[in-house]
There are 2 protein chains.
Amino acid sequence: MARSRIAILGTGLIGTSLGLALMSRKERDYEVVGADRDRAHAREAKKMGAIDRDVGSLQEALEEAALVILAVPVMGARKILEEAGQYLQPGAIVTDTCSTKSDILRWAAEFLPESVHFVGGHPMAGREKSGPGAASVELFRDAMWAIVPSPRADERAVSVILGLVESVGAYPLYIDAQEHDTYAAAVSHLPILLSVALFRMVRDSQGWEDAGLLAGPAFRDLTRLASGDPAMSRDIMATNREAILHWLDRYQQELTTMRKALELGGQPVADLFSSTQFDRDSFIENPPIRRRPEGVEAPSAQDTLGRLFVGGLYDKLKDVTSRAGSSGTPMRDDELRRKLGVPEDRDGER
Amino acid sequence: MARSRIAILGTGLIGTSLGLALMSRKERDYEVVGADRDRAHAREAKKMGAIDRDVGSLQEALEEAALVILAVPVMGARKILEEAGQYLQPGAIVTDTCSTKSDILRWAAEFLPESVHFVGGHPMAGREKSGPGAASVELFRDAMWAIVPSPRADERAVSVILGLVESVGAYPLYIDAQEHDTYAAAVSHLPILLSVALFRMVRDSQGWEDAGLLAGPAFRDLTRLASGDPAMSRDIMATNREAILHWLDRYQQELTTMRKALELGGQPVADLFSSTQFDRDSFIENPPIRRRPEGVEAPSAQDTLGRLFVGGLYDKLKDVTSRAGSSGTPMRDDELRRKLGVPEDRDGER
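As the structure is a computational prediction, the values presented were derived from the model and not from experiment.

As for the sheet that holds strand E7 (residues 144–149) of chain A
All names here are of chain A.
Part 1 of the argument: The eight strands are arranged E3-E2-E1-E4-E5-E6-E7-E8 in an open sheet whose pairing can be described as mixed. If you trace the sheet from one side to the other, it starts and ends with strand E3 (53–54) and strand E8 (171–174), each paired once.
Part 2 of the argument: In terms of strand pairing, strand E1 (residues 4–9) meets strand E4 (residues 65–70) through five bridges, oriented parallel. When the bridges of E4 are listed, Arg5 appears paired with Ala65.
Part 3 of the argument: Sheet strands in contact with helix H1 (residues 13–23) are E1, strand E2 (30–35), E4, strand E6 (117–123) and E7, and its direction is about 155 degrees off that of E1.

Describing the environment of Val116(A)
All names here are of chain A.
Part 1 of the argument: Along the polypeptide, Val116 turns up in the loop between helix H5 (102–111) and E6.
Part 2 of the argument: Residue Val116 is classed as buried on the basis of its relative accessible area, which comes to 3%.
Part 3 of the argument: Taking the C-alpha atoms as reference, Val116 lies 9.5 Å from Ala157; in sequence the two are 41 residues apart.
Part 4 of the argument: Those residues in contact with Val116 that lie beyond four places of it in its chain are Leu88, Gln89, Ala92 and Val94.

Focus on H1(A)
Part 1 of the argument: H1(A) sits mainly inside the fold: 11 of its 11 residues count as buried.
Part 2 of the argument: Three or more residues of H1(A) are buried, namely Leu13(A), Ile14(A), Gly15(A), Thr16(A), Ser17(A), Leu18(A), Gly19(A), Leu20(A), Ala21(A), Leu22(A) and Met23(A).

Considering the relation of the copies chain A and chain B
Part 1 of the argument: Rotating chain A by 180 degrees and moving it 0.0 Å along the rotation axis overlays it on chain B with an RMSD of 0.0 Å. The two molecules are tied by a two-fold rotation axis, judged by turn and shift. Distance from the rotation axis, computed per C-alpha, reaches its smallest value in chain A at Leu222(A): 2.7 Å.
Part 2 of the argument: A share of 100% of the interface residues of chain A reappears at the interface of chain B, consistent with the copies meeting face to face through the same patch.

What counts as what
- Residues numbered from 1 in each chain as written.
- Chains lettered and ligands numbered in written order.
- Predicted model: local features only at pLDDT ≥ 70, side-chain atom pairs only at ≥ 80, totals over all residues.
- Heavy atoms only, no water.
- Pairing = 2+ DSSP bridges.
- Helix = DSSP H or I, 4+ residues; strand = E, 2+ residues; numbered from the N terminus.
- Contact = heavy atoms within 4.5 Å.
- Axes fitted to C-alpha atoms, helices over the stretch in contact; angles between N-to-C directions.
- Buried < 20%, exposed > 50% of the residue type's maximum accessible area, 1.4 Å probe, protein only.
- Least-squares fit on C-alpha atoms with pLDDT ≥ 70 in both.

Structure (structure tokens):
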């Protein structure tokens, strides 16, 4: 029997890093093919050892793929979903790595055949670099990876994605699409705007020649996200605009409050800096993690990726009897977790 | 003859890093003493090999010191300047590393005796870490170091500070105090506020438990400065408030413009991200530097630190005939440079 196929669509920073991780597993019994609108990116990914073969068309990538990973900006993912149905085999698993989740879950439901299992994903990793050249097998190490299964995805599909996430050293985080987009707007998407605004303000100012001479690590750190992939940023703004504008307004309010405090001066200003240093240091030292229900083990990557094409229930999962409600009503993530018996996070590793 | 003495007041991140660099020079003919209000910091600096001796009083630190480095937050520096005159020997050189320059130049003129030479300084280095434990001899490598000589500082004093800056691998940048504070407000001080505001907004929100789970590299990068030394931040706000509020207002305008663009959507948004990525990448690859006048060599650290206590004109300097106008009118930095024949930057190293 021919090796099973994993297809990576989009061999930029994320896709190539995933490819590197998948290709590095000992005794892998799958083939990794890659495709990118920019053939040079696909060739580079192959040269780096991130994929076995680079293919030139959607059809070649999708046919016979048991697992498809969409690693393109979200509007690009939409286009692929619109066309993919005709090529995907029944039972294929499709996941993505896009920065917003509500729209893509909707598009997956709208365009993919019922026999295809879509599990939304979003690795909270990567900074300002883009392109295959910046890829690393360590990119996802210790990163959170949001998981948003579609209502039609079965337990096997979800556990395969869990295995993928675990195999790259990341931590799965079950979350609702709406929730994800709301919070990502605050902690990932708004920061892009703040970086861009700071860089533009200084760069476009009359004193740039001199300000630029003084610009050191503080300025570089705060404007880092302004060097991110413009297509990704553009698509984020298009697919999460409401939440982002909401947080932008709240941020403007925070700045206005801060301005008042500075005008008044004195102890409140000192307290603001002391308390914020304390809170942030606490966050860095002890980031929030979801605690695992007692006694439930994490599925191992070996088990899940090994079983990628075997089918059948993932036997370590508890209490799985039927598929999510066929009415199509999205199952709440805690219900799904209970049904799957899947733990929320690695025991004791953080 | 006893070894000459360099005194470092404040053995936090900056002071200890400077000490490490000074203590590591081969064939050094000076002693390095250190003092800190927090005796534990001074002891730690000594243990790390950043100072020869730690002393417990201002008097012990300053008497017989040929070079004094103030590495404390700016309000702390003020207190030291108020008391220092009674202990400093005539001809002593005093410099600082504070984040703002206008006030400290004023206080130096007000409190120090005429026979003491004050040269203001500000290394554009260091991020969110503080304390001696985070110190490194490499902290200043390739960093810009703003130099603001007071009107009464002579050529020897300025060249000693140039030698200090060069010995730690930094690049001297002559600048006017006002100019420094105006631009530092945009590229260093406002960023602190932006970090604090973002962290506070998210941390104080109802959804923190969940938002915190999703917070990845983007959030950490943008809030990094919120972990900085609160005393330093507080003193920056107190001594550069006008310029900071000015840039805060401009930043709010930039955000308002950006909001409009997002509401309209489309190509202008895409252009904003593309053009900003391009401009920032260009800045990172080719940061602005001042070009050196043809044929003028940089003073070497060996020459200047070696001559620290020898006195006399620094003989590689051209065209130095008299001291800066004794009327006390601040000399413009290009005039001073011309008089000293001092180049603006290292030739060809950037």
